[in-house]
Amino acid sequence: MKIIFNQIPTGPQFYQEEPGWTKHKEPSFNIYILIGSAMGLLLAMIVTFLFLTYLRDEMLAAKKTAPVNHGLVFLTLCGVFIVHELAHIISYPDRGLSSQSSFVILPRKMCMAAVFIGRLSKRRYMICLLAPIFVITVPLLIYCLVTFNFYAFVAAIANLAGAGPDIFGVILIARRIPSGAIVQNYQYDTYYKMEASF
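So, how was this worked out
- Along each chain, residues carry numbers from 1 onward, in the same order as the chain's sequence is written.
- Only residues with pLDDT of at least 70 are given local features in this predicted model, and only at 80 or more are side-chain atom pairs given and counted; all residues enter the totals for whole chains, interfaces and linings.
- Here the side-chain values reflect all heavy atoms present in the structure, with hydrogen atoms and water set aside.
- In this scheme Phe, Tyr and Trp rings, the latter by its six-membered ring, pair at centre separations within 6.5 Å, and the angle between planes marks the pair as stacked below 30 degrees, edge-to-face above 60, and tilted otherwise.
- Only DSSP runs of H or I with at least four residues qualify as helices, and only runs of E with at least two residues qualify as strands; both kinds are numbered from the N terminus onward.
- Classification of residues uses two cut-offs on accessible area relative to the type maximum, computed with a 1.4 Å probe and protein chains only: under 20% is buried, over 50% is exposed, and between them is partly exposed.
- We define a salt bridge as a contact between a side-chain nitrogen of Lys or Arg and a carboxyl oxygen of Asp or Glu at a distance within 4 Å.
- Within this scheme the basic residues Lys and Arg register as positive and the acidic residues Asp and Glu register as negative, but His and the chain ends are omitted.
- Pairs of residues are marked as contacts when any of their non-hydrogen atoms sit within 4.5 Å.

Caption draft 1: View of the packing of aromatic side chains. What the rule picks out here adds up to five aromatic pairs. Here the aromatic rings of Tyr 32 and Phe 168 are separated by 5.4 Å at their centres, their planes lie at 45 degrees, and the arrangement is tilted. Placement of Tyr 32 in helix 2 (residues 29–54) and of Phe 168 in helix 7 (residues 164–176) is noted, with a sequence separation of 136 residues between them. The same class applies to Tyr 32 as to Phe 168, namely buried.

Shown next as structure tokens:
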């Protein structure tokens, strides 16, 4: 795994050199993030509403027992952003340890990203996109159902909200990329190719 600052690794010029690649039809990057973020916030609000409806007493009791520490909330949110990207990376081939996996830090955009420049099957690509939900949100929400913890709940909801673009991406891929295709990213674009031998 590489740690890269200020740029998205591109990998080889595969699309220009090999026949058969098709550009995945998806919105521009800004529209993609806008729609995905809206989806994530909506899902986070729905889950929060359900918890407030069915676990209101437990949540109020937890708040009285341990008052909210805003500094700890901030640290929790920072930790979630990092672990979210690491969850993507460990879902890549070789558990993210290959030279094709990168942890990208973009200070000017105040964000981080997990990038894999190799080829993945359509199914594996979708699993990689959803990995943070299954690694972070689902276990923490299950834990909160058993023993409510405010900070675990904040982490679960923040991660779910942040996973909105990933969920949107999976929906687009499931609908627009045929089964059996291989997928590869080049900068902010996604390409696919039918290759039965993959």
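This is not the end of the story, as more comes after the structure.
Caption draft 2: Just unusual backbone geometry, in detail. Located in the positive-phi region is Asp 94, a residue other than glycine, with phi close to 60 degrees. Tracing the sequence through the fold places Asp 94 in the loop between helix 4 (70–90) and strand 3 (101–106). One non-glycine residue, Arg 95, lies in positive phi territory at about 55 degrees. Note on placement: Arg 95 falls in the loop between helix 4 and strand 3.

Caption draft 3: A look at the pattern of salt bridges. The final tally for this structure, using the stated rule, is one salt bridge. Lys 23 serves as the salt-bridge partner of Asp 189, at 3.6 Å between the closest nitrogen and oxygen. Of this pair, Asp 189 sits in strand 7 (residues 189–194) while Lys 23 sits in strand 2 (residues 22–23); the two residues are 166 residues apart in sequence, bridging distant segments of the chain. Residue class for Asp 189 comes out partly exposed when judged on its relative accessible area of 26%. For Lys 23, a relative accessible area of 38% gives the class partly exposed.

Caption draft 4: Expanded view of the side chain of Asp 166. Mapped onto the fold, Asp 166 is located in helix 7. It is Arg 124 that comes nearest to the buried, bridge-free Asp 166 among opposite-charge side chains, at 14 Å. Apart from residues lying up to four places away in sequence, Asp 166 is in contact with His 84, His 88 and Leu 129.

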